[in-house]
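Listed below are the residues making up each chain.
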Amino acid sequence: MEENQTHMDVEELESHQCLELLRAVSLGHLAVSHDDMPQIFPINFTVDHGTVVFRTGEGTKLKTLRAQPQVAFQADGVNQETGVAWSVMIQGKAELFGGIEETLDSFNLMLFPWESGPKDQFVRIVPASMTGRRFKVADPLTWWKHMRHG
């Protein structure tokens, strides 16, 4: 990694690129606002028709989504061989699956909770905005050099 790396080396991603990267991972983070405080939950998810879908059960997360459906979602990854990392963030609305058609469609998603217990509610995050970026991970020695000379 060159010493003069700047933020210019960050590649801004298009929505289709963001969705492609999200399809390669299954763990992300859901951010909600509960009692005027931010809460972040790890969730396993899948991508479905340009949206993010996850399963949950009764509890703080579901109660909050019913009262305040505006959410943020974030996932990231890194290719250990190339040292290229990426991050995708979605801001949007959480919609609970309802009706017989969506319930039947949910079986095709092959989305299984990682935790035990009832997780019978499917939730779809419909993006209002989707942003992503890809960048080369800086060599830790680069940062040490800047600290010593900065």
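That block above? That's the structure.
Residues numbered from 1 in each chain as written. Predicted model: local features only at pLDDT ≥ 70, side-chain atom pairs only at ≥ 80, totals over all residues. Heavy atoms only, no water.

Engineer: Which residues make up the overall build of the protein chain, and what are the values?
Structural biologist: Scanning the protein chain for helices and strands turns up 4 helices and 7 strands. Burial analysis of the protein chain (150 residues in total) assigns 33% to the buried set. Carbon together with sulfur atoms contributes 53% to the accessible area of the protein chain, which is approximately 9,900 Å² in total. (Helix = DSSP H or I, 4+ residues; strand = E, 2+ residues; numbered from the N terminus. Buried < 20%, exposed > 50% of the residue type's maximum accessible area, 1.4 Å probe, protein only. Areas by Shrake-Rupley, 256 points an atom, 1.4 Å probe, with all protein chains shown as cover.)

Engineer: Pulling in residues and values, what's your account of the nonpolar core?
Structural biologist: Of all hydrophobic cores here, the largest spans 24 residues; its most connected members are Leu22 and Phe73. Residue assignment for this core shows that the elements contributing at least two residues are helix H1 (15-23), strand E2 (27-34), strand E3 (37-48), strand E4 (51-56), strand E5 (70-79), strand E6 (84-96) and strand E7 (121-136). Residues within four places of Leu22 in sequence aside, it is in contact with Phe45, Val47, Val52, Phe73, Ala75, Trp86, Val88 and Ile90. (Core = buried A, V, L, I, M, F, W, Y, C linked by side-chain atoms within 4.5 Å. Contact = heavy atoms within 4.5 Å.)

Engineer: I'd like to hear about the environment of Ala75, residue by residue, with values.
Structural biologist: Turning to its location among the elements, Ala75 is positioned in strand E5. For the pair Ala75 and Gly132, spaced 57 residues apart in sequence, the C-alpha separation works out to 9.6 Å. Among all residues touching Ala75, those that are not within four sequence positions of it are Leu22, Val25, Leu27, Gly28, Phe45, Trp86, Ser87 and Val88.

Engineer: I'd love a proper account of helix H2 (residues 60-67), names of residues and values included.
Structural biologist: Along H2, the positions that sit buried rather than exposed are Lys61, Leu62, Thr64 and Leu65. With its buried residues spanning 165 degrees around the axis, H2 presents them on a single face. For H2, exposure combined with an orientation more than 90 degrees from the buried face picks out Lys63 and Ala67. Taken together, the buried residues of H2 touch E2, E3, E4, E5, E6 and E7. (Arc of directions from axis to C-beta.)

Engineer: Requested: an account of the pairing of E4, with residues and values cited.
Structural biologist: Judged by how many residues are buried, E4 sits mostly within the fold: 5 of 6 residues are covered. Summarising the sheet, E3 and E4 pair through 4 bridges and their orientation is antiparallel. Bridge pairing in E4 places Val47 opposite Val52. As defined by bridge partners, E4 adjoins E7 across 5 bridges and the pair is classed as antiparallel. Each bridged residue has a counterpart across the sheet, and for Phe54 the counterpart in E7 is Val123. (Pairing = 2+ DSSP bridges.)

Engineer: Summarise H1; cite the residues concerned and give the values.
Structural biologist: Helical geometry: 3.6 residues make up each α-helical turn, so side chains three or four residues apart lie on a common side. Every buried residue of H1 is accounted for by Cys18, Leu19, Leu21 and Leu22. Viewed end-on, H1 has its buried residues packed into an arc of 160 degrees, placing them on one side of the element. H1 presents His16, Glu20 and Arg23 as exposed residues on the side facing more than 90 degrees away from its buried surface. Along its buried surface, H1 packs onto E3, E4, E5, E6 and E7.

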